Amino acid sequence: MSDTVIRVENLSKRYVIGHQRQERYVALRDVIANGARSLKQRIFHPMQKFEDPEHEEFWALKDVSFEIKQGDRVGIIGRNGAGKSTLLKILSRITEPTSGRISIKGRVASLLEVGTGFHPELTGRENIFLNGAILGMGRAEIKKKFDEIVDFAEVEKFLDTPVKHYSSGMYVRLAFAVAAHLEPEILIVDEVLAVGDAAFQSKCLGKIGEFGESGRTVIFVSHNMSAIRRLCDISSLINKGEIQAYGKTSDILSMYLSDPSVGSQIVWEGEQRPGNESTKINAIKLRNYCGKAISSVNISEEAFVEIDFEVLKDLTIQFSIVLMNENDDCIFSSLSNLENNFHNKHFKSGKYKSTCCIYGNLLNAGKLKISLICFTQDWGNGFRLDNCISFDAIDDGILKADYLGNFGGLTRPKLNWQTTHN
């Protein structure tokens, strides 16, 4: 007997995106005329494909195929918009696929969005029984697990309060407790755990680990690479709706971290080059220690900001990069004249390349962006390029041991510590 519990074959999901018309309204005569025009095109040109300017097709998933065996703990990673959540919704039978087949053997519990499967007007107590019934549990089975669920969720004080009054954290605690304690054969968890506090995240991840070790199947989507590395034996990398790679988690994480993208480099040509009458910027790129273009930085490794520029007339110039997070908090700025090779250096006309090294074990995880400032010798005739490139700083979790939460602060430097016996 096969131990495959999930089989996905040529799975695709298409959405139709509507675009707003320029006209303020559509009259009945417009509807009739457009319908007649469309009918005429289909009659006289049946094989020709006609595009509708008001609607655009978007394929969230395209011909996805894979198998998951009983007891597998599978991590699904990919950038925002890659199709991860769409895949989980289809596996959870929330969304119908456009084409393809899915075969699932066993009871599935899903935790995809805050409040999914809860009725806002019902109390926490009532929603436990409702959610359990949705998962196929009998009342006696739910009552047997009831105290464990309440204790894990830490919502006993608010158990008889309608969940519409719960905070997002309380929602997540209760939803996860129900999904995890009613013992489905397959547990599907999306990034929703990021809503909870660090202590609860750690408790949830520990529960997921126990769930997988008991021989049940776990599918886990997260941007927390340390959690993926610790919990998942195998992983899948999704890119633009397609399975780019599937295999050992360490290999997939390495591939994900080295995946280049447009956002982490920008190239200008000809008259489009920014700058002034004395200096033009040709390109700004992010590279790893091997010189390869990257869009994600493992925070334990070095990264390099590379600036290609052209000096149009002899002068002294200096660069500064400013690193910001997604909330526009300045993490640090670096001025090139602090380096010996740039100190009061006079450039003759020509093309140059300047590289700034961002040390390993300095950045904290998150989405970051870089602005570039160019100064001339009089500090007056310069220019600034805001948010030139962006990239993800990812914590692979190697130095975090069993801690799976996030570190606070704009940076996360690895400092030298010494402990002596007094």
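Report on the accompanying structure. Nothing here was measured: the structure is a model prediction, and the numbers come from that model.

Some remarks on empty space enclosed by the protein
Part 1: Enumeration over the complete set of coordinates arrives at 2 cavities of 30 Å³ or more.
Part 2: Taken as a whole, the second largest cavity encloses approximately 50 Å³ of empty space.
Part 3: Taken together, F66, I68, V74, I76, L87, I219, S236, I238, I243 and Y246 make up the full set of residues lining the second largest cavity.

Observations concerning helix α3 (residues 124–134)
Part 1: Along α3, the positions that sit buried rather than exposed are G124, N127, I128, F129, N131 and G132.
Part 2: Elements that come into contact with the buried residues of α3 comprise α4 (139–153) and α5 (168–181).
Part 3: Just beyond α3, the residue with positive phi is G136, at close to 95 degrees.

Looking at the packing of aromatic side chains
Part 1: Evaluated as defined, the whole model comprises 9 aromatic pairs.
Part 2: Where F309 meets F319, the ring centres are 4.8 Å apart and the plane angle is 70 degrees; that geometry is what we call edge-to-face. Here the residue F309 occupies a position in strand β13 (residues 303–311), and F319 occupies one in strand β14 (residues 315–325), the gap between them amounting to 10 residues. F319 carries the same exposure label as F309, and that label is buried.
Part 3: With centroids separated by 5.6 Å and ring planes inclined at 20 degrees, the aromatic side chains of F309 and Y352 adopt a geometry described as stacked. Pair noted here: F309 is in strand β13 and Y352 is in strand β17 (residues 350–358), with a separation of 43 residues, a long-range link.

A few points about unusual backbone geometry
Part 1: Phi is positive for E154, close to 60 degrees, though the residue is something other than glycine.
Part 2: As for its position among the elements, E154 is in the loop between α4 and α5.
Part 3: Backbone geometry places D328, a non-glycine residue, at a positive phi of 65 degrees.
Part 4: In this structure D328 comes out as partly exposed when scored by relative accessible area, which is 46%.

Each value, and the rule that gives it
- Residues numbered from 1 in each chain as written.
- Predicted model: local features only at pLDDT ≥ 70, side-chain atom pairs only at ≥ 80, totals over all residues.
- Heavy atoms only, no water.
- 1 Å grid on protein atoms, 1.4 Å probe; cavity = no way out; pocket = protein on both sides within 12 Å on 5 of 7 lines; lining within 4 Å.
- Points joined across faces, edges and corners; volume = space filled by probe spheres on them.
- Buried < 20%, exposed > 50% of the residue type's maximum accessible area, 1.4 Å probe, protein only.
- Helix = DSSP H or I, 4+ residues; strand = E, 2+ residues; numbered from the N terminus.
- Contact = heavy atoms within 4.5 Å.
- Phe/Tyr/Trp six-rings, centres within 6.5 Å; stacked < 30°, edge-to-face > 60°.

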